[in-house]
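Below are the chains, spelled out letter by letter.
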Amino acid sequence: MEKVLKAFDHINIELNELAAKAFPFLEEPANKALLIAVTITVLIAAVFCVKKFLLPNKISPSNKEKLSQASHLTVDHEATQTPKAQHTTKSDTPTDDPKIPQQSWSEKLRLGLGKTRENLIEGLSGLFAFGNLNEEMLEQVHEVLYRADIGVSTADKLVSNLRAELPKIGTDWEHAQVQLKSKIRQILEEADIPENDSSEGPRIILIIGVNGVGKTTSIGKLGAQFKREGKTVALCAADTFRAAAIEQLQIWGKRIDAEVIAHQQGSDPAAVAWDAVQAAKTREVDVLLIDTAGRPHNKQELMDELNKIRRVISKGFDQAPHEVWLVVDATTGQNAAMQVKAFKEVAELTGLIVTKLDGTAKGGVIIGICDKYKLPVRYIGVGEQADDLRHFAASDFADSLF
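Below, the structure is looked at part by part. Just so it is clear, the model here is predicted, and its values are computed rather than measured. (Residues numbered from 1 in each chain as written. Predicted model: local features only at pLDDT ≥ 70, side-chain atom pairs only at ≥ 80, totals over all residues. Heavy atoms only, no water.)

**With respect to the pairing of strand β1 (residues 203-208)**
Taken across its 6 residues, β1 has 6 buried, putting it largely inside the fold. For β1 and strand β4 (residues 287-292), the ladder comprises 5 bridges, and the chain directions are parallel. Residue pairing for β4: I204 is matched across the bridge by L288. Sheet topology note: the β1/strand β5 (residues 323-329) ladder contains 4 bridges and is parallel. When the sheet's bridge partners are listed, I208 is paired in β5 with L326. (Buried < 20%, exposed > 50% of the residue type's maximum accessible area, 1.4 Å probe, protein only. Helix = DSSP H or I, 4+ residues; strand = E, 2+ residues; numbered from the N terminus. Pairing = 2+ DSSP bridges.)

The following block contains the structure:
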């Protein structure tokens, strides 16, 4: 044993001499203490890493129960979801909630036009604080109207009307406001024409528009309105391309108790429309609403397909479709006007449905579209609930705007 101890002492002396030669700074006691502290820190970190990443996790019974519950919930959630490509969007899903406080239609419309009114009225009224309404100020009036997405030609018309009334208006903003409101109402009313109806058989309404404007939701809300009027309604799922479009229309069909005529996804939309027209005639349905796939207004082949749907419908029922309504998103401003121009060239539009008029600053585009294309606005939407899509009234719109 003595020999072993002497051997260890000898080895220790040799190691100390070797360390002193290799690391002379360890001769200082402070440096040696620092090295010891660093070594201990590294060892502690190593132990933590081994415990964290290499050893099995130990879970307490209570935590096991919580983990099991969380895992169960996750599995149930995934099981009830549609495939990723079929997820429905907020705008295409029924969202009525009886717990939500209900506002009157006039309140919703005024709220929906809030930002447009702020841009337009506050901008115009502020101009009159700087003096008389003269030619220089009229240029500024034109700029304010343009920023409200009314459009250049319609802004020209409104300014010309103000110029003609210049001797009467003077510095009085109240008179100018009355004049503008009156002219805007006139523009909207001049574009309004009676809706086409069917003397016998179902009234067939074709709903078209670009992707994401809310066509499917609008169809469901329209169907609910027609049902409230005591009419029988059928829905046609001719949007056979967008994932879950058929299922979304079927949800609305169940909700409003309306039959949905549909084929499988990927079917020929014109064939679906033909079957829907035949079914509506056979079952003596009052109104048939036909959903179509969203299509970019600058894609000619898709626009040609829309024409095919119209031709097929007319073969199944003379003078059909009785209405072709383009759905536009109010938040897109002048892009909505471009869509009207493109669709009007191929679809013989008879009216507009303006959606998402709930807080946008671009509501003035309605005035410009009615003025330029003499196209009536049939319905406007100011929210997610079923009764948030209403008949458009020029006087209500003008009053809410001012």
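Picking up where we left off.
**Points about helix α7 (residues 152-164)**
Quick reminder: α-helices carry 3.6 residues per turn. Residues three or four places apart thus point the same way. In a regular helix each residue adds 1.5 Å, so 13 residues correspond to 18 Å; α7 covers 18 Å between its end C-alpha atoms and thus fits that length. Taken together, the buried positions of α7 are occupied by T154, A155, L158, V159, N161 and L162. When α7 is viewed along its axis, its buried side chains cluster within an angular range of 155° and face the same direction. (Expected span 1.5 Å × (residues − 1). Arc of directions from axis to C-beta.)

**Remarks on the environment of P321**
With respect to the secondary-structure elements, P321 resides in the loop between α13 (300-316) and β5. Overall, the relative accessible area of 12% leaves P321 in the buried class. Taking the C-alpha atoms as reference points, P321 and I309, 12 residues apart in sequence, are found 9.8 Å from one another. If near-sequence neighbours (up to four positions away) are discounted, P321 is found in contact with I204, L206, R310 and I313. (Contact = heavy atoms within 4.5 Å.)

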